Amino acid sequence: MTPPPHHLQTQLIHAGEPQPRPAGALVLPVYQSATFEYQGQRSYDQLRYIRLNNTPNHQALHLKLAAISGAEAALVTASGMGAITTTLLSFLGAGDHLLAQDCLYGGTLSFLNEEAGALGIEVDFIRGNDPASWAPLLRPTTRLIYVETMTNPLLEVPELEAVVGFARRWGLVSAIDNTFASPVNFRPLELGFDLELHSATKYLNGHSDIVAGCVMGRSAHLAQITRRLNHLGGSLDPHACFLLHRGLKTLALRMRQHDENALALARFLEGHPQHQRAKRLFSGCGGVLSFELQGGTAAADRLIAALELPVSAPSLGGVETLITRPATTSHAGLTLQQRPALGISEGLVRVAVGIEAAQDLCADFAQALDQL
Ligand code: PLP
């Protein structure tokens, strides 16, 4: 009898581990070697070399990432932006057209606004919640539709099932940045997305000590993206592979705590418009929440200064709670007109909740709010 497939928690620990273990080592060592002895490979891409993303550390990580996302194949990159730009440039060239959600991560948005045009790639931005508005934007050259699971910092959840249906109907590649949910809370490939991307800097690694990215999907797509990455050169160093591999093992445990903590801090978010869709599709909502204070920017800055546990820093997905005003960090690159158009006020506060005890975080917020 075939045993049932392992649960995600088990795959995080055991999937992709080399058998036999090298020298019996329980933990895969770092192979800090740029190049490897020739063993009769017959093509350049098969030669073992860090930039070709095929050292033992890359291979084990790829197998683990593919297993946990239900993909045929995976690829790690030097950053989340490396995963995003390499993927887009694998399917889009001069004359091609992209449909992209309008409220994307700032780096992705500025790549599309500032670089894509110069490469001859045309972009139309779509409202994630309005599928009826997508078809009129289609062109014969449309190749790909790109969304995020939850937008930063407002946590809008697009009509994800409609994105999959739309891509299938019109023969587009569908790609989703699933950083904010992680494969623990949402499994895009099972819903029918072609490609799942992450800033592995965030939850996947979880310890705020590396920058990394990854993309998962079908083997043919991943072969195409790997070829492009091998040319662009944005490979992850083996030591960063090792740290990401280690961080992944505790992903399920950490996500449970992020989910619980953020929910404890976010009771007031219950009336959030996309809460029902999030509840239907996701196992948890992750650790990010945003809110405004009645006293605006000045009150937000006083709150951030008065908090003792959250560190004032951009990013998310680490074990420690971080707090920022997106207008000064993730969305500082937008103008005073662009931010409100995306619903981001100057005083908006974003908390990336860590895995401290929820009671301690709530008590810290209580004392800080008392000082306002
Ligand atoms: N995607 C999302 C949703 C992000 O929040 C970020 C970074 O904050 C990125 C992509 C880019 O990732 P990286 O900083 O690893 O390049």
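Residues numbered from 1 in each chain as written. Predicted model: local features only at pLDDT ≥ 70, side-chain atom pairs only at ≥ 80, totals over all residues. Heavy atoms only, no water.

Quick notes on the domain arrangement of the chain
- Annotation of the chain at the domain level lists domain 1 (8–251) and domain 2 (252–370).
- Spacing between the C-alpha centres of domain 1 and domain 2 amounts to 25 Å.
- Counting each side, the surface lost to burial between domain 1 and domain 2 is near 3000 Å², with a carbon and sulfur contribution of 58%.
- For the domain 1 face of the interface with domain 2, the top three residues by lost area are Pro153, Asn185 and Tyr203, together amounting to 23%.
- The interface formed by domain 1 and domain 2 includes one salt bridge. (Domains from an automatic or database assignment. Buried area = accessible area lost by both parts, 1.4 Å probe. Salt bridge = Lys/Arg side-chain N within 4 Å of Asp/Glu carboxyl O.)

Some points on the pairing of strand S2 (residues 97–101)
- Of all five residues in S2, five are buried, a share of seventy percent or more.
- By the alternation rule, side chains of S2 split into His97, Leu99 and Gln101 and Leu98 and Ala100, which are all buried.
- Once the chain exits S2 it traverses helix H4 (residues 106–116) before rejoining the sheet at strand S3 (residues 122–126), and the crossover so formed is right-handed.
- The pairing of S2 with strand S4 (residues 142–148) spans four bridges and is parallel. By the bridge assignment for S4, Leu98 is matched with Leu144. (Buried < 20%, exposed > 50% of the residue type's maximum accessible area, 1.4 Å probe, protein only. Helix = DSSP H or I, 4+ residues; strand = E, 2+ residues; numbered from the N terminus. Right-handed = clockwise from strand over helix to strand, strands pointing away. Pairing = 2+ DSSP bridges.)

Focus on the pairing of strand S6 (residues 195–199)
- Taken across its five residues, S6 has five buried, putting it largely inside the fold.
- The alternating pattern of S6 places Leu195, Leu197 and Ser199 and Glu196 and His198 on opposite faces, both of which are buried.
- Where strand S5 (residues 173–177) meets S6, three bridges bridge the pair, whose relative direction is parallel. Residue Ala175 lies in a different strand from S6, and its bridge partner there is Leu195.
- Relative to strand S7 (residues 213–217), S6 runs antiparallel, the two being bridged by five bridges. Directly across from Leu195, in S7, lies its bridge partner Gly217.

What to know about the site of the ligand
- Around the ligand, a shell composed of 14 residues is seen, among which Gly80, Met81, Asp177, Ser199 and Thr201 lie nearest.
- Contact between the ligand and Gly80: an oxygen atom at 2.9 Å from a main-chain N or O atom of the residue.
- Between Lys202 and the ligand, the recorded distance is 2.9 Å, taken from a side-chain N or O atom to an oxygen atom.
- For the ligand, whose unbound accessible area comes to 390 Å², protein coverage reaches 90%.
- Here the ligand is seated within the second largest pocket.
- A per-element tally of the shell around the ligand places helix H3 (residues 80–91) first, with three residues. (Near = heavy atom within 4 Å. Polar contact = N/O pair within 3.5 Å; in protein donor to acceptor, adjacent residues only side chain to side chain. Areas by Shrake-Rupley, 256 points an atom, 1.4 Å probe, with all protein chains shown as cover. 1 Å grid on protein atoms, 1.4 Å probe; cavity = no way out; pocket = protein on both sides within 12 Å on 5 of 7 lines; lining within 4 Å. Sits in = over half its atoms within 2 Å of the grid points.)

Here we look at the environment of Tyr105
- Counting through the fold element by element, Tyr105 comes out in the loop between S2 and H4.
- Between the C-alpha atoms of Tyr105 and Thr324, which are 219 residues apart in sequence, the distance is 15 Å.
- Among all residues touching Tyr105, those that are not within four sequence positions of it are Met81, Glu148 and Asn152. (Contact = heavy atoms within 4.5 Å.)

Details of the nonpolar core
- Formed by 54 residues in total, the largest nonpolar core has its most connected members in Leu65, Ile145, Leu160, Leu244 and Leu248.
- Among the elements that line this core, the one with the most residues is helix H9 (residues 238–248), at six residues.
- The residue makeup of this core includes at least three contributed by each of domain 1 (8–251) and domain 2 (252–370).
- Here Leu248 is in contact with Leu12, Leu61, Lys64, Leu65, Ile68, Leu204 and Arg254, once residues within four sequence places are set aside.
- With 33 residues, the next largest nonpolar core counts Leu88, Val123, Val215 and Leu342 among its residues. (Core = buried A, V, L, I, M, F, W, Y, C linked by side-chain atoms within 4.5 Å.)

Concerning the pattern of salt bridges
- Inspection of the entire model under this criterion finds 10 salt bridges.
- For Glu161, the salt bridge identified is with Arg280, shortest N-O distance 3.0 Å. Of this pair, Glu161 sits in helix H5 (residues 160–170) while Arg280 sits in helix H11 (residues 275–281), placing them 119 residues apart in sequence.
- The class of Arg280 is exposed, set by a relative accessible area of 52%.
- Residues Asp194 and Arg218 are paired through a salt bridge, measuring 3.2 Å at the closest nitrogen-oxygen approach. Here the residue Asp194 occupies a position in the loop between helix H7 (188–191) and S6, and Arg218 occupies one in the loop between S7 and helix H8 (219–232), the gap between them amounting to 24 residues.
- Note on Arg218: relative accessible area 41%, which makes it partly exposed.
- What emerges from the salt-bridge pattern is a single network uniting Glu122, Asp124 and Arg139.

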